Amino acid sequence: MPIIINDTSLDVPADPRVTLLDFLRHHAGLTGTKKGCDHGQCGACTVLVNGMRINSCLALAIAHDGDTVTTIEGLGTPDAPSVMQQAFVDHDAMQCGYCTPGQICSATAMLQEIAAGWPSDVSTNLDGDISASAEEIRERMSGNLCRCGAYANIVSAIGEVAGRDRV
Amino acid sequence: MTGQFTQDAPETECLLDSMRQDVIGKPLVRIDALAKATGTATYAAEYPVKDCLEGVLVTAPFARGRITGIDIDTCLACDGVVAVIDNEKLIARCAQGTAGEAPVQEVRKVAYWGQPFALVVAETFEQARDASKHLKITIQDDDLSDIPCDPQAVEPENQQYSSQGDLPHAMTEAPHSVDAKFTTAGHASAAMEPHAAIAQWDGQTLTVHASLQMLNYNISELADAVGLEENQVRIVSRFVGGGFGSKLGISAETVAASLAAMQLKRPVRVAMSRQQVFQCVMRRSETSQRMRLAAGKDGTLQGFGHEALVSNLPDEQFAEPVLQSSEFLYAGDNRLLTLDLARVHRMTAGSVRAPGEAVGMPTLEVAMDMLAEACSIDPVELRLKNIPDRHPMKGTPFSSHKLAECLQQGAEAFGWDSGLRKPRQRREGEWWIGTGMASAARVHNIAKAKARVTLNPDGTALVESDMTDLGTGTYTILGQIAGEMLGLDPSNVLVDLGDTRLPRGPGSGGSWGAASIASAVYVACKAIREKLTKYANVTEGELNLKDGGVEGGASFAQLLGDKELREEGHYEPGDIEDDYVAAGFGAYFAEVRVNAFTGETRVNRMTGAFGFGRVLNERTARSQCQGGMVWSIGAALTEALHFDPRDGHLVNCDLAEYHVPVNRDVPELEVIMVEERDPAASPIQAKGIGELGMCGGAAAIANAIYNACGARVRDFPITPDRVVACMPD
Ligand code: FES
Ligand code: FES
């Protein structure tokens, strides 16, 4: 079975060593997904697999046969950016921009996790409503490093989207 | 045509203030933000190049000795392998910033653990990575007991010594004094984009897409390393995924990719692994320091001593300039400043964001906090009291000085309680809460720069330079400078950077990028304006440009017909560099909580007030300040390179073990940009802001920890174990 990447079907690579990340960057030509560490330590490679965020450097492409992958390019384009992409632009939630696609993919899925009621380390209770407070956002986005230190603006960008979603 | 300007005196009249477009300083959205947010900004390793081979660097697994043999056959027998490059032109170390020539190239003579010595090239990355593990070498490694690895255990070389008056005497005479020793750990830049390059060779020209900060120097370094003339080399770096010093000079991947492409006549891509970035790119030296402060009853400084020991590899010129701002930040007649350098076999030490002040300022500012306590004076007050009128040793005037304003405005915004301070006054559950502050200072650097500006009759303009934008906002601010000067909406200014085919900029580093390149663009625009005065038949003072033409008059199309106006601006700092002490100043205020049982520190909030001359874009400048403050948190609490004393290797060579601040480590950061124009800093009256945000911020946190729980930790980073060890019972 092929992998569906942003609505395009691609055959899995013959070489079983190819990570999902390298498959995206080298085979699919989708270089929006970044490699920062190749070891699951930075979040730059975050993509959505069947709607959930994962570090694509820690996944082998062949293991995702039949899965649906959404990358930063699939979330929106310069002509039609997603709400989250636009919020990152508006809040200057980036500097060098290298962590940015991973942050945006991560944030997109993270808000769904909050909406689904998944608790985090800072949640006060394990079930029930969780609000997308700054503290929840900080905790849940801590797998996405930003060496430029754009965190404060990242939190406000995501906060804006979370607020908008709530109304 | 060229406009040339060498700045020998302050530029008190800056045209930017009388222009009509009104875009300079405005918080315009970063031009490249949408490209970055949609993944369409292209970084070095991402150019689609046909038939591209993949190279993986191989590094030495020992600290010092020789590689006596490389058996490439096993490797060549691996699937897909095309070649093993073990050419004598490979570089063993990265080039220091502004080197302009190849660094050490003897790759078989190993000087540190992790030194690159070969490149395995294959059809795919997976093949190259696998084969690189099969490269067999024979080595003659020196016995570790003979290799100097510990800076404390070596006889150091003196790098800097300046003395005035008699510090020891002042220390004994003074009613209040502080004499304290500190250490700071080594740091890694850890830019998110690992070093990468794609090299292409067409038999005549070497074209390299690389991730570099200073193309104006990098082109000479690369040409020298691979044995080509500069006119045979083209480097392109349009987007750089962070640099922080680590990409000032060329590194192994750029040279290896180039040599491989030239030998194999196919394009070659080389990206360092994260581990390699840690192991063979620049580190910031660890330091040990001694601070001596002597003060009168009222806190007036009479003696000031700062001594530091740093390290580097043999033959490297760079010594972490720890004392840089100590030279002029505070008064005190009796002074002693010394910097020593120990030669050790750890990877090259070089510039990491804010070289010098990043580690010198935190210790000075903790010592000042200790002095404030000794004198029973408010720490803000103590600093205000000791701001000198001139450089305390040279007597040179300051170009402009906003430390007092930063201290006052920062204190007010933060809600600083200026009463008498005592540790352990506030407790919430397990947590001690406290506040602390520190001054910020960072020398202002400025460099020679060229830029070309073209004004088109259709009301658009083009700005060109080989300058880079590391996320600093260069693209955006240059559009604003040209827009302001030529009366154009910045969206009608195309800024083309990061290509050595364009005029030589200053490069990005040392916080000099923005002021230098923007000055070159300013000079070019001035020359265009001069021509326009003839077309419009007015004087410069009467030439009011706005929205694509003369305000309320002819458009550029009407004025110019089909003629474009093109000028190159050359800016060069002249006597201003010697006649003034120029620096950015600031103040940090932090509130922390410290866990009474575990010693863990969390930063609750932080305020920074900075004066760095004219603000070119309020939005990108704020982001730069915040970024620096985040680095202050890392330097204060978590960042440290650890070397294994048994074999000299860097133990924590990845992002799981080297702890940069994560989102949850960073609270809300309040940034105040103090109004300032500095006419002796640059013709546009701006200074740099890329580094000031981390020049002392760690001390505000350290002082807040003391105020919270009474632990005066003098070793950075202030990890929980150190807090617990210093916590009073
Ligand atoms: S590249 Fe995957 S987590 Fe860093
Ligand atoms: S924007 Fe540079 S690492 Fe996040």
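Small disclaimer: the values here were computed from a predicted structure and weren't measured. (Residues numbered from 1 in each chain as written. Chains lettered and ligands numbered in written order. Predicted model: local features only at pLDDT ≥ 70, side-chain atom pairs only at ≥ 80, totals over all residues. Heavy atoms only, no water.)

K.L.:
When you look at the overall build of chain B in this model, what are you seeing that I'm missing?
P.N.:
Along its length, chain B carries 17 helices and 28 strands. On C-alpha atoms alone, chain B measures out to a radius of gyration of 26 Å, which is about the 27 Å that the 2.2 N^0.38 rule sets for 729 residues. Dimensions along the principal axes, computed over C-alpha positions, put chain B at roughly 75 × 70 × 50 Å. Here chain B, with 729 residues, has 67% of them falling under the buried criterion. Of the contacts made within chain B by residues no fewer than 6 positions apart, 83% connect residues no fewer than 24 positions apart. Charge separation in chain B, taken as the distance between the mean sites of 67 positive and 97 negative side-chain charges, equals 2 Å. (Helix = DSSP H or I, 4+ residues; strand = E, 2+ residues; numbered from the N terminus. Rg over C-alpha atoms; globule rule 2.2 N^0.38 Å. Buried < 20%, exposed > 50% of the residue type's maximum accessible area, 1.4 Å probe, protein only. Contact = heavy atoms within 4.5 Å. Lys, Arg positive; Asp, Glu negative; His and termini not counted. Charge placed at Lys NZ, Arg CZ, Asp CG, Glu CD.)

K.L.:
For this particular structure, what's the right way to read the nonpolar core?
P.N.:
In this structure, Ile158(A), Ile481(B), Leu532(B), Phe610(B) and Ile701(B) are the most contacted members of the largest nonpolar core, which totals 267 residues. Sequence-distant contacts of Ile158(A), that is, excluding residues within four places in its chain, are made with Met84(A), Phe88(A), Ala107(A), Met110(A), Leu111(A), Ile137(A) and Met141(A). Counting residues in hydrophobic clusters, the runner-up holds twelve residues, among them Ile3(A), Leu24(A), Leu30(A) and Ala59(A). (Core = buried A, V, L, I, M, F, W, Y, C linked by side-chain atoms within 4.5 Å.)

K.L.:
Help me understand the sheet that holds strand β22 (residues 461-464) of chain B in this model?
P.N.:
Residues and elements named next belong to chain B. Spatially, β1-β24-β21-β22-β23 is the arrangement adopted by the five strands of the open sheet, whose pairing is mixed. The two strands at the open ends of the sheet, each matched to only one other strand, are β1 (2-7) and β23 (493-496). In this sheet, neighbouring strand axes are inclined to one another by 20° on average, regardless of whether the strands run parallel or antiparallel. Strand direction decides the pairing type here: strand β21 (residues 449-455) and strand β24 (residues 565-573), joined by seven bridges, are antiparallel. Paired with Arg452 across the strands is Glu568, a residue of β24. Contacts from helix α11 (residues 474-486) reach β21, β22 and β23 within the one sheet, and its direction differs from that of β23 by about 140°. With respect to the sheet, helix α12 (residues 513-536) is in contact with β1, β21, β22 and β24, its orientation differing from that of β24 by roughly 135°. (Pairing = 2+ DSSP bridges. Axes fitted to C-alpha atoms, helices over the stretch in contact; angles between N-to-C directions.)

K.L.:
Help me out: how do you make sense of the pattern of salt bridges in this one?
P.N.:
Two side chains of opposite charge can pair, provided their charged atoms sit close to one another. Applying the stated criterion to the full structure yields 56 salt bridges over all chains. Notably, a salt bridge pairs Arg138(A) with Glu135(A), separated by 3.1 Å at the nearest N-O pair. Highlighted residues: Arg138(A) and Glu135(A), both in helix α5 (residues 134-140), separated by three residues, approximately one helical turn. Assessed through its relative accessible area of 11%, Arg138(A) is described here as buried. Among the salt bridges present, the one from Arg664(B) reaches Glu135(A), with a minimum N-O distance of 3.7 Å. Within this pair, whereas Arg664(B) is found in the loop between α15 (618-637) and β27 (669-673), its partner Glu135(A) is found in helix α5, the two belonging to separate chains. (Salt bridge = Lys/Arg side-chain N within 4 Å of Asp/Glu carboxyl O.)

K.L.:
Any chance you could explain the side chain of Asp369(B) here in plain terms?
P.N.:
Within the fold, Asp369(B) resides in helix α8 (residues 357-375). Contacts of Asp369(B), omitting those with residues within four sequence positions, involve Pro379(B), Arg383(B), Asn703(B), Tyr706(B) and Arg712(B).

K.L.:
Which parts of the structure should I look at to understand the packing of helix α3 (residues 83-90) of chain A against helix α4 (residues 100-115) of chain A?
P.N.:
What describes two packed helices is the angle between their axes and the distance between those same axes. Residue and element names in this part refer to chain A. Running from N to C, α3 and α4 cross one another at 125°; their axes reach a closest spacing of 10 Å. On the basis of their axis angle, the class for α3 and α4 is oblique. When the axes of α3 and α4 are compared, the crossing they make is right-handed. The residues of α4 that touch α3, namely those facing Met84, Gln85 and Phe88, are Thr100, Gln103, Ile104, Ala107, Thr108 and Leu111. Here the residues of the contact of α3 with α4 sort into five nonpolar, four polar and no charged. (Parallel < 35°, antiparallel > 145°, perpendicular 65-115°, else oblique. Left-handed = near helix turned anticlockwise from the far one by under 90°. Nonpolar A, V, L, I, M, F, W, Y, C, P; charged D, E, K, R; others polar.)

K.L.:
Would you take a moment to explain the domain arrangement of chain B for this structure?
P.N.:
A common way to express how large an interface is: the accessible area buried when the components associate. Residue and element names in this part refer to chain B. According to the domain assignment, chain B contains domain 1 (2-30 + 447-578), domain 2 (44-61 + 64-145 + 190-280) and domain 3 (283-444 + 582-726). A separation of 37 Å is found between the C-alpha centroids of domain 1 and domain 2. Listed per partner, the contact involves 18 residues of domain 1 and 19 residues of domain 2. Interface area for domain 1 against domain 2, summed over the two sides, is near 1,400 Å², with a carbon-plus-sulfur share of 49%. Taken together, the connections running from domain 1 to domain 2 amount to three salt bridges. One salt bridge connects Arg238 with Asp499, and the closest N-O pair in it is separated by 3.4 Å. (Domains from an automatic or database assignment. Buried area = accessible area lost by both parts, 1.4 Å probe.)

K.L.:
Whenever I open this one, the domain arrangement of chain A confuses me. Can you help?
P.N.:
All names here are of chain A. The domains assigned to chain A are domain 1 (3-75) and domain 2 (83-166). Inter-centroid distance (C-alpha atoms) of domain 1 to domain 2 is 21 Å. Contacts between domain 1 and domain 2 engage 18 residues on the former and 18 residues on the latter. The contact between domain 1 and domain 2 buries some 1,400 Å² in all, and 57% of this surface belongs to carbon and sulfur atoms. The largest per-residue losses of area from domain 1 upon contact with domain 2 belong to Arg53, Ile72 and Leu75, which jointly make up 41% of the total buried on that side. The interface formed by domain 1 and domain 2 includes one salt bridge.

K.L.:
Please explain helix α1 (residues 20-27) of chain A as it appears in this structure.
P.N.:
Residues that lie three or four places apart on an α-helix share one face, since the helix turns once every 3.6 residues. For α1(A), the buried fraction is high: six of the eight residues fall into the buried class. Restricting attention to buried positions, one finds in α1(A) the residues Leu20(A), Leu21(A), Asp22(A), Phe23(A), Leu24(A) and Arg25(A). In this structure, the buried residues of α1(A) make contact with β1 (3-5), β2 (8-10), β3 (46-49), β4 (52-55) and β5 (68-70) of chain A together with α3 (125-132) of chain B. Where α1(A) terminates, the next one or two residues include Gly29(A), which has phi positive at roughly 70°.

K.L.:
How should I be thinking about the environment of Arg147(A) in this particular structure?
P.N.:
By the secondary structure assignment, Arg147(A) is in the loop between α5 and α6 (151-166). Between the alpha carbons of Arg147(A) and Asn50(A) there is a distance of 29 Å; along the sequence they are 97 residues apart. Contacts of Arg147(A), omitting those with residues within four sequence positions, involve Ala188(B), Ser189(B), Ala190(B), Ala191(B), Met192(B), Phe244(B), Trp631(B), Glu639(B), Tyr658(B), Val660(B) and Pro661(B).

K.L.:
Would you mind showing me how to read the interface of chain B and chain A here?
P.N.:
Each partner contributes to the interface: chain B provides 56 residues, whereas chain A provides 53 residues. Taken together, the two surfaces of chain B and chain A that pack against each other cover about 4,400 Å², and 54% of this comes from carbon and sulfur. Contact with chain A buries area across many residues of chain B, yet Met192(B), Asn663(B) and Arg664(B) alone supply 19% of it, more than any other trio. The tally of links between chain B and chain A comes to eight salt bridges. Where chain B touches chain A, the interface holds 28 residue pairs in polar contact (both at pLDDT 80 or more). Those elements that provide at least two residues to the side of chain B that touches chain A are α1 (33-37), α3, α7 (274-280) and α15 of chain B. (Polar contact = N/O pair within 3.5 Å; in protein donor to acceptor, adjacent residues only side chain to side chain.)

K.L.:
Explanation requested: the sheet that holds strand β20 (residues 431-443) of chain B in the structure shown.
P.N.:
The pairing of strands in a sheet comes from backbone hydrogen bonds and takes either a parallel or an antiparallel form. All names here are of chain B. The mixed open sheet is built from five strands, whose spatial order is β19-β20-β25-β26-β27. Bordering the open sheet on either side are β19 (426-428) and β27, each of which pairs with just one other strand. Strand-to-strand twist of the sheet, defined as the mean angle between neighbouring strand axes without regard to direction, takes the value 25°. For β20 and strand β25 (residues 583-595), the ladder comprises 13 bridges, and the chain directions are antiparallel.

K.L.:
What should I look at first to understand helix α6 (residues 252-264) of chain B in this one?
P.N.:
Residue and element names in this part refer to chain B. If you check α6, its first and last C-alpha atoms are 18 Å apart, about what 13 residues at 1.5 Å a residue would give, namely 18 Å. Within α6 the residues assigned to the buried category are Ala252, Glu253, Thr254, Val255, Ala256, Ala257, Ser258, Leu259, Ala260, Ala261 and Met262. Two residues or fewer past α6, Lys265 is found with a positive phi of approximately 55°. (Expected span 1.5 Å × (residues − 1).)

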